[in-house]
Amino acid sequence: MPYSHAPLPTTYDSSAPHGPADIRLVVTDMDGTLLDDDKRVPAGLWEVLERLRERGVLFSPASGRQYATLAREFARAAEGMVFIAENGTYVVRDGVELSSDPLDPAVVTDVVGAVRRLAADGVDVGAVVCGKRSAYVERTDEPFLAEVRKYYVEHRTVEDVTAVDDDILKVALYDFGPAERTTAPALARFGATHQVVVSGEHWVDIMNRTAHKGAAVRRLQRELGITPAQTMVFGDYLNDLEMLDTAEWSFAMANAHPEVIRRARHLAPANTENGVLRTITGMLGLPTAER
């Protein structure tokens, strides 16, 4: 989401090389990063993915979205792609789970109870309990379900989200108000033992402390023998912070949260300016991506 701060450059900074670089892994967040503000993939994506595959560069979407949603988005190029789903709590390649970090059911019950109390006190918030097979919700109103559908292709409405038979990866909360000022502070007590991450203007995620996008990327790097110097990552929001630390070529989008801009080593054009593809093509010497 855009923030008010000092003017920022609209192209990636001059310290990034303009020509073929030894990049073996490209990891990008989705919303506010790769996708434009209408949630569309950028022009030229599929051609760039083909060129990366030819060069042996692994492209990996890393998102708070569920695996099923990511797999659908990239269906035409999914073979061999590693999907870092649910903010790193579920990693899948070619339909095979590489890793997962599910929550203790007692924690899920505790978090859902806190959300129900917030709702009873008048906060316009709802919980999405995110399992490996599906996401689960109790709210049935269309405005809430419309938001859920954007990120969770596989979702079910149930009477009690704490009673589902699934491995629960995280609990995501959608707050129709500003989550960073309302829902997140109300759930701060869970931060003593778990991660409470503001992953968007209206979203807060509760996960195990060991689970985040950065942990998933580091695991991939170890397994594939890829170094931080051979890794590019792109992000825009607070759930991307740990991921930025895994790469020497870490890019914040020009529209990123100020903390993300401070944490990243480099700056990419905004998501509305095709910043991810323009940066990839510039650094790897590929044909220029369309805006």
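Refer to the preceding data block for the structure.
Please read all numbers here as calculations on a predicted model, not as lab measurements.

Novice: Report on the sheet that holds strand β3 (residues 82–85), specifying residues and quantitative values.
Specialist: Read from one edge to the other, the open sheet built from three strands follows the order β3-β4-β5, with strand pairing classed as antiparallel. Edge positions in the sheet fall to β3 and β5 (96–100), since each has one partner strand and no second. On average, adjacent strands in this sheet sit at an angle of 20° to one another, irrespective of strand direction. Strand direction decides the pairing type here: strand β4 (residues 90–93) and β5, joined by four bridges, are antiparallel. When the bridges of β5 are listed, V92 appears paired with E97. In this fold helix α7 (residues 213–224) packs onto β3, β4 and β5, with an angle of close to 155° to the strand it touches most, β3.

Novice: Before we move on, can you summarise the pairing of strand β2 (residues 58–61) with the specific residues and values?
Specialist: Residues L58 and S60 line one face of β2 and the alternating positions F59 and P61 line the opposite face, and both faces are buried. Sheet analysis places strand β1 (residues 25–28) next to β2, joined by four bridges and oriented parallel. Its bridge partner being in β2, V27 is matched across the sheet by S60.

Novice: Describe the packing of helix α2 (residues 45–54) against helix α10 (residues 275–284), listing the residues and the values that go with them.
Specialist: For the pair α2 and α10, the least separation of the axes is 11 Å and the interaxial angle reads 35°. Crossing geometry of α2 relative to α10 is assigned as left-handed. For the pair formed by α2 and α10, the contact residues are L45, V48 and L52 on the first element and L277, I280, T281 and L284 on the second. Taken together, the residues that form the contact of α2 with α10 break down as six nonpolar, one polar and no charged.

Novice: I'd love a proper account of the pairing of β1, names of residues and values included.
Specialist: Of the two faces of β1, the one lined by L25 and V27 and the one lined by V26 and T28 are each fully buried. Of the strand pairs in this sheet, β1 and strand β12 (residues 231–235) are connected by four bridges, and their pairing is parallel. Bridged to L25 within β12 is T231.

Novice: Describe the environment of E248, naming the residues involved and giving the relevant values.
Specialist: Looking at where E248 falls in the secondary structure, it is placed in the loop between α8 (241–244) and β13 (249–253). The spacing of E248 and N271 is 23 residues in sequence and 21 Å in space, taken between C-alpha atoms. Dropping the residues within four chain positions of it, E248 is found in contact with P228, A229, T231, R265 and H266.

Conventions used here
- Residues numbered from 1 in each chain as written.
- Predicted model: local features only at pLDDT ≥ 70, side-chain atom pairs only at ≥ 80, totals over all residues.
- Heavy atoms only, no water.
- Pairing = 2+ DSSP bridges.
- Helix = DSSP H or I, 4+ residues; strand = E, 2+ residues; numbered from the N terminus.
- Axes fitted to C-alpha atoms, helices over the stretch in contact; angles between N-to-C directions.
- Contact = heavy atoms within 4.5 Å.
- Buried < 20%, exposed > 50% of the residue type's maximum accessible area, 1.4 Å probe, protein only.
- Left-handed = near helix turned anticlockwise from the far one by under 90°.
- Nonpolar A, V, L, I, M, F, W, Y, C, P; charged D, E, K, R; others polar.

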